[in-house]
Amino acid sequence: RLEDATNRLTSSESEMAALMAKKESKAAKQLQASEKAAAKAVALLDQKEEEVKQLQEVIKDMRELMKKNKLEEEEAEEEMDELHHENEELHKQVELLQEENKEMKSKLASMSDDNEKLAGLKMEIQLLEEERQREKTALELAQDKSSESYAKVLSERDAAKAE
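Summary of the structure given here. Quick caveat: nothing in here was measured; it's all calculated off a predicted structure.

Reading the values: rules and limits
Residues numbered from 1 in each chain as written. Predicted model: local features only at pLDDT ≥ 70, side-chain atom pairs only at ≥ 80, totals over all residues. Heavy atoms only, no water. Helix = DSSP H or I, 4+ residues; strand = E, 2+ residues; numbered from the N terminus. Rg over C-alpha atoms; globule rule 2.2 N^0.38 Å. Lys, Arg positive; Asp, Glu negative; His and termini not counted. Charge placed at Lys NZ, Arg CZ, Asp CG, Glu CD. Patch = residues over 30% accessible without salt bridge, like charges linked within 9 Å, V, L, I, M, F, W, Y side chains within 5 Å. Areas by Shrake-Rupley, 256 points an atom, 1.4 Å probe, with all protein chains shown as cover. Salt bridge = Lys/Arg side-chain N within 4 Å of Asp/Glu carboxyl O. Buried < 20%, exposed > 50% of the residue type's maximum accessible area, 1.4 Å probe, protein only.

If you tally the helices and strands in the protein chain, you get 1 helix and 0 strands. Taking 163 residues into account, the globule formula puts the C-alpha radius of gyration at 15 Å, and the protein chain, at 67 Å, lies well above it. With the C-alpha coordinates aligned to their principal axes, the bounding extent of the protein chain is approximately 230 × 25 × 15 Å. A distance of 9 Å separates the average location of the 28 positive side-chain charges in the protein chain from that of its 43 negative side-chain charges.

Quick look at the structure:
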C-alpha cells in the first residue's frame, strides 16, 4: 500500500510536472506572443506618435500660414481701401478738369469770335487809314495848288503894283 501510494504519488507528480511543463510552455508561448504583440503595439504607438508630431507640425505651419494670410488679407483690404479712396480723388480731379476744359473751350470759342471781330476791325482800320491817306494826299495837293495859286496871286499883285 505504501508502494502503491508512492507510485500513485510519483505518477501524480509526473503528471503534474508534465502538466506544469505544458502549462509553462503554453504560458511562455503566450508571454512571447504578448511580448511580440506589445513590441508591435509599442512600434505602432511610436509610429503613431511620430505621425501625431508630424500632424502637429503641419497644424503649426498651417496656423502660421493662416496668420500670414490673414495679415496679407488685411493689408490687401487696406491697400484696396486706399486705392478706392485714390480712385475717388482722381475721379473728382477728372471731373474738375473736364469742367475746366469745358470752360476753356467756351473761352476759346469766345476768343475766336473776338479774334474774328478784331480781324474785321483791323480790316476796317486799314481801309480807314487808306482813305485817310488818300484824303491827306488830296489835301496836300489842294494845299500845294492853293499855295501855288496864292503865290501866283501875290506875284500878279506885286506885278500889278509895280505897273
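Right, let's talk about a negative patch on the surface for a bit. Taken together, the side chains of E72, E73, E74, E75, E77, E78, E79, D81, E82 and E86 make up a negatively charged region of the molecular surface. Tracing the backbone shows E75 in helix α1 (residues 2–162).

With that out of the way, let us pick up the pattern of salt bridges. Summed over all chains, the structure comprises 2 salt bridges. With a closest N to O distance of 3.7 Å, K48 and E51 form a salt bridge. Of this pair, K48 and E51 both sit in helix α1, 3 residues apart, which is roughly one turn of that helix. The exposure class of K48 is partly exposed, given its relative accessible area of 41%. For E51, a relative accessible area of 31% puts it in the partly exposed group. With its nearest N and O atoms 3.4 Å apart, the salt bridge here joins D158 to R157. Given a relative accessible area of 43%, D158 falls into the partly exposed group.

Considering the arrangement of structural elements, one finds E116 in helix α1. Classification of E116 by relative accessible area gives exposed; the value is 56%.

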